[in-house]
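# Structural description and commentary
Okay, here's what each chain looks like letter by letter:
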Amino acid sequence: MTPTGLATAPRSASTFLAAPRRRLTADDLALYLVTDPVLSGARGVAAVVDAAVAGGVRFVQLRDKDADDASIVEQLVELSEVIAGRALLVVDDRLDAVVEARRRGARVDGIHLGQSDASPLLARSVLGPDAIVGLTAHTPAHLDAVRALPSGTVDYLGVGVIHPTSTKADHPAPLGVAGFAAFAAASPLPCVAIGGIERIDVAALRAAGAAGVAVVSALCAAPDPRVAARKLLRAWGAGGVPRVLSIAGSDPSGGAGIQADLKAIAANGGYGMAAITALTAQNTRGVRGVHVPPAEFLRAQLDAISDDVRIDAVKIGMLAGSAVIAEVGSWLREHRPPTVVLDPVMIATSGDRLLDSEAEQALRALLPLADLLTPNLPELAVLAREPAATSWTGALAQAQRLSAETGALVLVKGGHLGGDEAPDALVGPSGPVREYPGSRIRTASTHGTGCSLSAGLATRRAADHDWRDAVAEVRSWLRESIVAGAGLQVGSGHGPVSHFAGLWRRGGLDAAPGREAIAAEWWSSIAPIRRAIDDLPFLQRLADGSLPEASFRWYLAQDALYLRDYARTLAEASRIAPDSAEQAFWAHSAEQSVIGELQLHASMLSPEGVGDETFRADPAPATVAYLDHLRGAAFDGDYRVLIAALLPCFWIYADVGTRLHAQAGGDPAHPFASWLDEYADPRFAEATEEAIRIVTARAAAADVQTRERMRIAFVRSSEHERAFFAAAGL
Ligand SMILES: Nc1ncnc2c1ncn2[C@@H]1O[C@H](COP(=O)(O)OP(=O)(O)O)[C@@H](O)[C@H]1O
Ligand SMILES: Cc1ncc(COP(=O)(O)O)c(N)n1
Ligand SMILES: [Mg+2]
């Protein structure tokens, strides 16, 4: 078969569409926010709603007893924009306001009625069969009245109060949890508990049969409603495995598209679902054909999922063409889950087109609906309508413009820059939020890396992680999976990554890589830095003895300044070490730096006696920068990050020292013999091995975020090592 382009198939006999839609999914009611203008304070109700919805609230009731109808309409219009389809919105009591807000284009899903408000029958007939109608109830007589209504008139009951509360004047006698349980058992409709509910009540109310808990002050008066919502949902038992939907194309070879996404979601701890936008006929060598089923059928897949399942995050991949984009956009506007990651797939790793060129404009319109975009450099350029960036700083600036234009965060992937580095950066409207340095892994197993990255990110974010941490964690997982990809032996082109490499190696999701694997990964992380150090003329001429004496003295004077404070950070590591063997090791290393290495420097700098010339030099910028980095790590207070920052001064010196010593041939007449001997000393090699053992053991025992922070501290120190040697100039 030859490439067919992006042909859309005609509606075939096997395509059927049946779509009875339900108003409420099982857990929309789990955490129900009732707004309060006073408790929301100066930040305002809209800000509280925005944060609470970001924290997982899926049901919002606007309640403002004092506002007039015009103000309620205004507020509904504003809240409907803020919510943007991420949650259902109803209003307390005001039927006319719903009608008017809807007329003005607001999405208002329904109404909540008190016993003395308009009748449920009237509300249902005015708002139509798809609207949500809720009713307050707390007595057996209320239940009898509900049973007398035609079925489908009321969707849920708000039942309370559970505890005495100040947010409802003249509330009835509190039911307590036991009273609620008795009421819910007799009710024909789902019952949401309301009234003075705090986090400690949530589990008991769920056990008592509640369909959800409605809260006012627990969210409106919370310092951060997003965090408060997360905690309440966790207490409800909803904080578990995130449900993640991939909307993407199929890759039958299993390396990219939905197949990669489902593996990436599972490997990162999520439950994966997939709605297929297009089928590709591809393998590791390229794409042979693309078949795009009718967009209405994609919509049927999406509706089938969202009618039944609470979706915590969506990852969007291959969209093929504008019809699919329009369908995804319209679905997203109605059901926007709390997390949306959009990987603007345009061209496959093999170079084949996965998006019609005329669909680029339509894709741009979709971007504001995403929370995070993950373009590679060519895709970034297309979206920004600019030529492709040729430098990393250029790419960051381009990403900043795209973020400002779309309101989404942008993860720029430096993979397409070429060279030894494969950095990524998280960029917001005011510039980079965090950069993630990383060396390029030499491998052909990169098919589906972009798909896997974006699906992993949606999952980690939905599991309650900060975007910055989510990126660090997913990168660490993906790098391990890329390294292991070749071992799968799938295909002869760009092979897939091994999504479960970490799991298979150790037989558990939380298991950390072993010490040796960490040492190997970190050492390979700094391969380009080590190569750059080896290429410095300063070190080459130190080895062959041709380095001018003055350059060497300059270097020694800086190194003396460095060692004095390096010894102090070693002592700090000793001070905060959690066990006495490590405490002794760092204390001994501090002592060695002062009495061993520093005395050598002093004797070479001022042969007359210690102290004379040793610390006279002005510290060079590279010296200051390196020491600031170490002191920053010490100040940060995490022992593990501090010792990771201290490690390159052992490891790189032992490595460079041994090789220079070998090059110099152990010649006692060599002008720099005593310096070369010091760092090639077997005792220094032993100390280095011990330092590597201690640091990598701590890394293996650390959580994945700390491990990544350790690795980054290690890479930064290594870069300071290079800059320090380079500063000696020539
Ligand atoms: N050879 C590699 N070494 C290290 N990281 C890589 C390599 N190839 C891709 N990555 C990482 O995989 C992720 C996906 O990037 P990339 O392959 O550039 O995206 P895409 O597949 O969309 O072109 C990025 O985090 C990137 O840094
Ligand atoms: C169905 C499908 N979707 C996406 C990609 C892009 O893959 P990559 O992650 O390598 O950019 C692909 N090759 N096939
Ligand atoms: Mg890609």
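The protein chain is annotated in an unreviewed UniProt entry as Thiamine-phosphate synthase of Microbacterium azadirachtae. The UniProt entry for the protein chain carries this comment under Sequence similarities (unreviewed entry): "Belongs to the thiamine-phosphate synthase family."

Taken from the UniProt record, the annotation "binding site: Mg(2+)" (unreviewed entry) applies to Asp93 and Asp117. For the residues just named, distributed over 25 residues, the greatest C-alpha separation is only 6.1 Å, placing them together at one site. Structurally, aspartate 93 is set in the loop between strand 4 (88-92) and helix 4 (95-103). When near neighbours in sequence (up to four residues on either side) are disregarded, aspartate 93 contacts Ile111, His112, Leu113 and Asp117. Its location among the elements puts aspartate 117 in the loop between strand 5 (110-113) and helix 5 (120-127). Not counting residues up to four positions away in its chain, the partners in contact with aspartate 117 are Asp93 and His112. A polar contact is formed between the side chain of aspartate 117 and the backbone nitrogen of glycine 114, at a distance of 2.6 Å.

This paragraph deals with the domain arrangement of the protein chain. Split by domain assignment, the protein chain resolves into domain 1 (31-236), domain 2 (243-483) and domain 3 (515-727). Domain 1 and domain 3 are separated by 62 Å when their C-alpha centres are compared.

Before going further, it helps to examine the packing of helix 18 (residues 467-485) against helix 29 (residues 704-727). Taken N-terminus to C-terminus, the directions of helix 18 and helix 29 make an angle of 80°; their axes are 9 Å apart at the nearest point. Judged by the inter-axis angle, helix 18 sits roughly perpendicular to helix 29. In this structure, helix 18 contributes Asp469, Ala472, Glu473, Arg475 and Ser476 to the contact, and helix 29 contributes Val704, Gln705, Glu708 and Arg711. Among the residues forming the contact of helix 18 with helix 29, the class breakdown is 2 nonpolar, 2 polar and 5 charged.

Attention now moves to the side chain of serine 445. With respect to the helices, strands and loops of the structure, serine 445 is situated in the loop between strand 18 (431-436) and helix 17 (449-462). The residues touching serine 445, leaving out its near neighbours within four places in the chain, are Ile482, Gly485, Ala486, Gly495, Pro496 and Val497.

To continue, consider the pattern of salt bridges. Applying the stated criterion across every chain yields a total of 38 salt bridges. Of the charged contacts, one joins aspartate 92 and lysine 65 as a salt bridge, the two residues approaching to 2.7 Å between their closest N and O atoms. With a gap of 27 residues between them, aspartate 92 in strand 4 and lysine 65 in the loop between strand 3 (59-62) and helix 3 (69-83) connect regions that are remote in the sequence. Judged by its relative accessible area of 49%, lysine 65 falls in the partly exposed class. A single salt-bridge network, built from bridges that share partners, covers Arg299, Asp303, Glu327 and Glu334.

What follows covers the site of ligand 1. Within the structure, ligand 1 sits among 16 residues, and Lys413, His416, Asp424, Ile441 and Thr449 are positioned closest to it. Here asparagine 376 contributes a side-chain N or O atom positioned 2.8 Å from an oxygen atom of ligand 1. One of the backbone N or O atoms of glycine 450 is found 3.1 Å from an oxygen atom in ligand 1. Contact with the protein chains hides 91% of the accessible area of ligand 1, taken as 540 Å² for the molecule alone. Class assignment of the residues belonging to the shell around ligand 1 gives a composition of 5 nonpolar, 7 polar and 4 charged.

Now for the sheet that holds strand 8 (residues 191-194). Sheet strands pair via backbone hydrogen bonds, and the direction of the pair is either parallel or antiparallel. Strands sit in the order 2-3-4-5-6-7-8-9 around a closed barrel of 8 strands; the barrel is parallel. Strand-to-strand, the axes of this sheet are offset by a mean angle of 25°, without reference to chain direction. The pairing of strand 8 with strand 9 (residues 212-215) spans 3 bridges and is parallel. By the bridge assignment for strand 9, isoleucine 194 is matched with alanine 214.

A few words now on the nonpolar core. In this structure, Tyr555, Tyr562, Tyr566, Trp586 and Trp675 are the most contacted members of the largest nonpolar core, which totals 70 residues. Among the elements that line this core, the one with the most residues is helix 26 (residues 639-664), at 17 residues. Setting aside anything within four residues of it in sequence, one finds tyrosine 555 in contact with Phe538, Tyr653, Trp675, Phe724, Phe725 and Ala728. Ranked by size, the runner-up nonpolar core spans 64 residues in total, among them Val45, Ala46, Val73 and Ala228.

A word on the UniProt feature "domain: Thiamine phosphate synthase/TenI" (unreviewed entry) in the protein chain. This chain's UniProt record puts "domain: Thiamine phosphate synthase/TenI" (unreviewed entry) on residues 31-219. Taken end to end, residues 31-219 is 41% helix and 19% strand, and its two terminal C-alpha atoms sit 10 Å from one another.

In the sheet, strand 7 (residues 156-160) pairs with strand 8 via 4 bridges, with the strands oriented parallel. Residue pairing in the sheet places glycine 158 in a bridge with valine 192 of strand 8. One crossover worth recording links strand 7 to the parallel strand 8 by way of helix 7 (residues 176-186), and it is right-handed. Taken together, strand 8, helix 8 (residues 199-207) and strand 9 constitute a β-α-β crossover, and its handedness is right-handed.

Let's shift gears to helix 7. Of all the positions in helix 7, only Gly176, Phe180, Phe183 and Ala184 are classed as buried. The buried residues of helix 7 occupy an angular sector of 110° when projected down its axis, which confines them to one face. Pointing more than 90 degrees away from the buried face of helix 7 are the exposed residues Ala178, Ala182 and Ala185. Buried residues belonging to helix 7 abut strand 6 (132-137), helix 6 (140-148), strand 7, strand 8 and helix 8.

Looking now at a nonpolar patch on the surface. Where nonpolar side chains cluster on the molecular surface, the patch consists of Leu488, Val490, Leu503 and Trp504 and spans about 350 Å² of accessible area. Position of leucine 488 among the secondary structure elements: in the loop between helix 18 and helix 19 (501-506).

Below, the discussion takes up the pairing of strand 14 (residues 339-342). Consecutive side chains along a regular strand alternate between the two faces of the sheet. Of the two faces of strand 14, the one lined by Thr339 and Val341 and the one lined by Val340 and Leu342 are each fully buried. Summarising the sheet, strand 13 (residues 313-316) and strand 14 pair through 4 bridges and their orientation is parallel. Note that in strand 14 the partner of isoleucine 316 across the bridge is leucine 342. In terms of handedness, the path from strand 13 via helix 13 (residues 322-334) over to strand 14 forms a crossover that is right-handed. Here 2 bridges tie strand 14 to strand 15 (residues 372-373), and the two strands are oriented parallel to one another. Looking at strand 15, one finds that leucine 342 is bridged to leucine 373.

Here is what the cut-offs are and how they apply
Residues numbered from 1 in each chain as written. Chains lettered and ligands numbered in written order. Predicted model: local features only at pLDDT ≥ 70, side-chain atom pairs only at ≥ 80, totals over all residues. Heavy atoms only, no water. UniProt positions renumbered as here; feature names shortened; annotations may be inferred. Helix = DSSP H or I, 4+ residues; strand = E, 2+ residues; numbered from the N terminus. Contact = heavy atoms within 4.5 Å. Polar contact = N/O pair within 3.5 Å; in protein donor to acceptor, adjacent residues only side chain to side chain. Domains from an automatic or database assignment. Axes fitted to C-alpha atoms, helices over the stretch in contact; angles between N-to-C directions. Parallel < 35°, antiparallel > 145°, perpendicular 65-115°, else oblique. Nonpolar A, V, L, I, M, F, W, Y, C, P; charged D, E, K, R; others polar. Salt bridge = Lys/Arg side-chain N within 4 Å of Asp/Glu carboxyl O. Buried < 20%, exposed > 50% of the residue type's maximum accessible area, 1.4 Å probe, protein only. Near = heavy atom within 4 Å. Areas by Shrake-Rupley, 256 points an atom, 1.4 Å probe, with all protein chains shown as cover. Pairing = 2+ DSSP bridges. Core = buried A, V, L, I, M, F, W, Y, C linked by side-chain atoms within 4.5 Å. Right-handed = clockwise from strand over helix to strand, strands pointing away. Arc of directions from axis to C-beta. Patch = residues over 30% accessible without salt bridge, like charges linked within 9 Å, V, L, I, M, F, W, Y side chains within 5 Å.

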